[in-house]
Amino acid sequence: MGANTSQVSELFENQSLKALIGTQSISENNPFWNQLISFSFTSPTCSNDFKVLEETITPLAKTLIQNNPRSGNFGALVRVFLGRTKELKISTECQDQLFIWQAHNALLLIRCLLKVFIREMSEEDLHLQFTYQERAPGCYDTCSEDLLEELICNLVHLIVEVPLLDITYGILFEAVTTLLVLFSYQLFHKEILRDGHIYRCLMSGRCLFLTSRLVKTLLYNFIRQEKCPPATHVLQPQSDGGGLLYGLASGVASGLWSVFTLGGAGSKSSLDQEHNPLPLSNQSLFLLLVLANLTDRPECPNPYRQAITCFKNTQDTSSIPSPQPHTFQINFNSLYTALCEQQCSDQATLLLYTLLHQNQNMRTYMLSRTDMENLVMPILEILYHVEERNSHHVYMALIILLILTEDDTFNRSVHEVMLKNITWYTERSLTEISLGSLLILVVIRTIQFNMTRTRDKYLHTNCLAALANMSAQFRYLHQYAAQRIISLFALLSKKHNKVLEQATQSLRGPLGTDDGATLPDYAQDLNVIEEVIRMMLEIINSCLCSSLHHNPNLVYALLYKRELFEQFRLHPSFQDIMQNLDTVIGFFNHRLEQAGADLSVERVLEVIRKGAVALPKDRLKVKCPLPMCSGYHFLFRVLPLELCNRVLTQTGGTTFHYAFTGFKELDKKKDCLVFIHLKMRNILPFCWYNFWPHSK
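Here is what the cut-offs are and how they apply
- Residues numbered from 1 in each chain as written.
- Predicted model: local features only at pLDDT ≥ 70, side-chain atom pairs only at ≥ 80, totals over all residues.
- Heavy atoms only, no water.
- Helix = DSSP H or I, 4+ residues; strand = E, 2+ residues; numbered from the N terminus.
- Buried < 20%, exposed > 50% of the residue type's maximum accessible area, 1.4 Å probe, protein only.
- Contact = heavy atoms within 4.5 Å.
- Areas by Shrake-Rupley, 256 points an atom, 1.4 Å probe, with all protein chains shown as cover.
- Salt bridge = Lys/Arg side-chain N within 4 Å of Asp/Glu carboxyl O.
- Axes fitted to C-alpha atoms, helices over the stretch in contact; angles between N-to-C directions.
- Parallel < 35°, antiparallel > 145°, perpendicular 65-115°, else oblique.
- Left-handed = near helix turned anticlockwise from the far one by under 90°.
- Nonpolar A, V, L, I, M, F, W, Y, C, P; charged D, E, K, R; others polar.
- Core = buried A, V, L, I, M, F, W, Y, C linked by side-chain atoms within 4.5 Å.
- Phe/Tyr/Trp six-rings, centres within 6.5 Å; stacked < 30°, edge-to-face > 60°.
- Lys NZ or Arg CZ within 6 Å of the ring centre and 35° of its normal.
- pLDDT = per-residue confidence, 0-100.
- Disulfide = S-S within 2.5 Å.
- Patch = residues over 30% accessible without salt bridge, like charges linked within 9 Å, V, L, I, M, F, W, Y side chains within 5 Å.
- Lys, Arg positive; Asp, Glu negative; His and termini not counted.
- Charge placed at Lys NZ, Arg CZ, Asp CG, Glu CD.

Q: When you look at the overall build of the chain in this model, what are you seeing that I'm missing?
A: In terms of regular secondary structure, the chain is built from 29 helices and eight strands. Per-residue burial over the chain gives 56% buried out of 696 residues. Taking the intrachain contacts of the chain between residues at least 6 apart in sequence as the baseline, contacts between residues at least 24 apart amount to 76%. Here the chain has roughly 30,400 Å² of accessible surface; of this, 51% comes from carbon and sulfur atoms.

This is the structure:
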């Protein structure tokens, strides 16, 4: 761009850029390149400024697309950059900031051009842009070297070999972001790209042997959480913004992230990312998630996913070799700490889910920690602020809880961890409460929010699944947690009565008054509510059968609201499960009558504690484990209709029509609901990479 360019508005008039995009071929040995990559200009500090920059670059890049077959200047620019990457490591050791700055600028220019190229042409045509060389006036030929593959391999080498220092921060960021830009081809294709040149280079090409090192480096970039250096040759931030370095990448990163989360977006999340001071950490995490979720080929499983699923702790001194390829060791304590600190972002939550689900070593380590509250509390805070989070973040947080609550040791230990003064929980002052009771409160609050706002059946089904997994291990529930369990049942009971009354009134309506309107399906609504009521009864019953003597507050709340359960005693759907509740209510009610009238709360609790010891265990019928613990749950997302058959084939789905139940407002010609299939004891991964939306 030239050393004199200082404003975006001056790019059109820049003579070096005009020469680059012109028809005249420029040899890679020409001093012109030193002038071109010695630029600096005022960095954009907000999304509007960034859009102006992109709008300015786009026509220049389009001109280069037309002239490059004759000039071959784009290939020359790439070769200039590749020539400098060979000396980057030495330059870093010698603190040669000028050399690193120019290499960074060359890569920045390549990335800006690539972003437009990818939007304007196919991958095959992009590959040709790397091969053009001038042979004679008006003619061109192609070179024998694969310049695109060379660029990709050099970027990978740069990331894994160049140490992260203040002077290398910018070029490492550019290398990571350029790889993200190259992967963005998937944004413009509805079919999964398995045979593209870029895909092959990273999955089975020369980069394959660097798989474990690349994954390890990206993880350590995330762990280190290094902030952008305050003042370097490659970045001089203006105002409060992230500068050109982060600004140019934010569009790519945020665009890709909307795909990671299946097309959803929360405005607050995207605003936070624009002002995030950790661009390299974020971009490294984005790239890691992209690599880990590249789809497998029949003959070539994804090596990056293999690396993520099998890495071990540096403290693991086992001499048994891993059967998995691409394994490596990393400091689990540092990774755990970073995960605990960064759960405010969607991408960190997705990484946590990926590791919990796919890496048995990491999952075992997390569940063995004695400070699980450091991990669980941020997840609970996500669910607590459900109205401020996008739905994808909430779903991921909930699924993480589902995974954790599958472990009985976790379910016991959370009730042993005592917390004080939970500042973000504002419904009630909680001066002291166990982590388990807080978890119950937050999940119940999420259910109630969903019932009144979003009304997503599958969200509250999975919330109840987490409670069901924990119910047999409930210990010394806080009185407020016990009250909220019964209050939720009261809310469901009230809703059941309301729908039942509406259904009865609709049946009593005058005959022959068909005005063409479709009556609501009250039978279906009743079935849904009764299913949820049964889940709640199962949870209460499981707690009473397994840990009655540990939960006097729950028995107290049950007795206080015992009239709620009267209407369900003879209901055919609940008769079997109501037997234990009737036994408990009747037994303790009799004990309280014997204790006298006008009992204080403390006296009632004392009677309950003594009664729990006296109640014969054979009086309660122990049921089989809750059926929902091995049941299936579905999360829905809107996707292009063309994807539905392939997705159903890949996930083994056979009930596509079921996905449309209750969602008649969708345009069936354009959109369909496709589920992520969850099994409580074997949760399948988030295969978002199979569901890219068609962006053209």
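Q: Just to check I follow, could you spell out the side chain of Gln448 for this structure?
A: Take Gln448: it is sitting in helix 22 (residues 435-452). Here Gln448 falls in the buried class, since its relative accessible area comes to 16%. Beyond its immediate stretch of four places on either side in the chain, Gln448 contacts Arg484, Leu488 and Leu491.

Q: Please explain the pattern of salt bridges as it appears in this structure.
A: Enumeration over the complete set of coordinates arrives at 17 salt bridges. The residue Arg224 makes a salt bridge to Glu226 at a minimum N-O spacing of 3.4 Å. Overall, the relative accessible area of 41% leaves Arg224 in the partly exposed class. Among the residues examined, Glu226 registers a relative accessible area of 32% and is labelled partly exposed. The residue Asp576 makes a salt bridge to Arg534 at a minimum N-O spacing of 2.9 Å. With a gap of 42 residues between them, Asp576 in helix 27 (residues 575-595) and Arg534 in helix 25 (residues 522-547) connect regions that are remote in the sequence. Overall, Arg534 belongs to the partly exposed group, its relative accessible area being 23%. Residues joined by salt bridges that share partners form a network here, namely Glu387, Glu427 and Arg445.

Q: What am I meant to see in the packing of helix 25 against helix 27 here?
A: What describes two packed helices is the angle between their axes and the distance between those same axes. It is at 10 Å that the axes of helix 25 and helix 27 come closest, and there the two elements cross at 50°. Classed by the angle they form, the pair helix 25 and helix 27 counts as oblique. Handedness of the crossing formed by helix 25 with helix 27: left-handed. Contacts from Arg534, Leu537, Glu538, Ile540, Asn541, Leu544 and Cys545 of helix 25 reach helix 27 at Asp576, Ile577, Met578, Asn580, Leu581 and Val584. Tallied by class, residues from the contact of helix 25 with helix 27 come to eight nonpolar, two polar and three charged.

Q: Sorry, what's going on with the nonpolar core here?
A: One broad rule of soluble globular proteins: the nonpolar side chains tend to lie buried together. In terms of nonpolar packing, the biggest core is built from 208 residues, with Leu114, Phe117, Tyr425, Leu438, Ile485 and Phe565 touching the most fellow members. Here this core takes 14 residues from helix 6 (residues 97-120), the largest share from any one element. In this structure, Leu114 is in contact with Phe74, Leu126, Phe130, Leu151, Thr178, Val181 and Leu182, ignoring residues within four places of it in sequence.

Q: Please explain helix 15 (residues 303-310) as it appears in this structure.
A: The element helix 15 is largely enclosed, with a buried count of seven among its eight residues. Considered for burial, the residues of helix 15 that qualify are Pro303, Tyr304, Arg305, Gln306, Ala307, Ile308 and Cys310. Structurally, helix 15 contributes buried residues whose contacts are with helix 10 (197-204), helix 11 (211-224), helix 14 (279-292), strand 3 (312-313), helix 17 (346-358) and helix 18 (360-368).

Q: Got a minute to help me understand the packing of aromatic side chains in this structure?
A: How two aromatic rings sit relative to each other is given by the distance of their centres and the angle of their planes. Tallying each qualifying case throughout the model produces 14 aromatic pairs. With a centroid separation of 5.1 Å and 75° between ring planes, the pair formed by Phe74 and Phe130 is classed as edge-to-face. Of this pair, Phe74 sits in helix 4 (residues 73-85) while Phe130 is found in the loop between helix 7 (123-129) and strand 1 (132-136), placing the two residues 56 residues apart along the sequence. For the pair formed by Phe74 and Phe130, the shared burial category is buried. In textbook terms, an aromatic cluster arises when at least three aromatic residues are bridged by ring pairs, as seen for Phe311, Phe328, Phe332, Tyr336 and Tyr365. For the cation-ring pair, Arg84 lies above Phe99, with the distance from its terminal atom to the ring centre recorded as 5.3 Å.

Q: So what exactly am I meant to see when it comes to the confidence of the model for the chain here?
A: The predicted coordinates ought not to be read in detail in places where the model reports low pLDDT. Per-residue confidence for the chain gives a mean pLDDT of 77; residues scoring 70 or more make up 76%. Below a pLDDT of 50 lies the segment residues 136-140, which in the model reaches seven contacts outside its immediate sequence neighbourhood of four places, other chains included.

Q: Hey, could you run me through the state of the cysteines in this one?
A: Here a disulfide denotes a covalent bond joining the sulfur atom of one cysteine to the sulfur atom of another. Applying the stated rule across the entire model yields zero disulfides. Unpaired in this structure, Cys543 has its nearest cysteine sulfur neighbour in Cys545, at a distance of 9.3 Å. Among the residues examined, Cys543 registers a relative accessible area of 1% and is labelled buried.

Q: How should I be thinking about the environment of Asp525 in this particular structure?
A: Structurally, Asp525 is set in helix 25. Expressed as a C-alpha distance, the spacing of Asp525 and His496, which sit 29 residues apart in the sequence, is 8.8 Å.

Q: Just to check I follow, could you spell out a positive patch on the surface for this structure?
A: Together, Arg455, Lys494, Lys495 and Lys498 make up a region of like positive charge exposed at the surface. Structurally, Arg455 can be placed in the loop between helix 22 and helix 23 (457-471).

Q: Would you take a moment to explain the packing of helix 9 (residues 169-183) against helix 14 for this structure?
A: Orientation of helix 9 relative to helix 14, taken along the N-to-C sense of each, is 30°, at an axis distance of 9 Å. Taken as a pair, helix 9 and helix 14 cross one another with a handedness that is left-handed. Listed contacts from helix 14 to Tyr169, Leu172, Phe173, Val176, Thr177, Leu179, Leu180 and Phe183 of helix 9 are Pro279, Leu280, Gln283, Ser284, Phe286, Leu287, Val290 and Leu291. Residue composition of the contact of helix 9 with helix 14, by class: 13 nonpolar, three polar and no charged.

Q: Would you mind going over the environment of Ala348 with me for this structure?
A: With respect to the element layout, Ala348 can be found in helix 17. It is 7.6 Å that separates the C-alpha atoms of Ala348 and Leu285, two residues lying 63 residues apart in sequence.

Q: Help me understand unusual backbone geometry in this model?
A: One can expect most non-glycine residues to show negative phi and most peptide bonds to be in trans. With a phi angle near 50°, Gln225 is a residue other than glycine that sits in the positive phi range. Given the relative accessible area of 13%, Gln225 is considered buried. Even without being a glycine, His326 presents a positive backbone phi close to 65°. You can see His326 is positioned in the loop between strand 3 and strand 4 (329-330).

Q: So what exactly am I meant to see when it comes to the environment of Gln342 here?
A: Topologically, Gln342 is positioned in the loop between helix 16 (332-341) and helix 17. Classification of Gln342 as buried rests on a relative accessible area of 17%. Note: C-alpha distance between Gln342 and Leu352 (ten residues apart in sequence) is 9.9 Å. Among all residues touching Gln342, those that are not within four sequence positions of it are Phe222, Gln225, Leu278 and Ala348.

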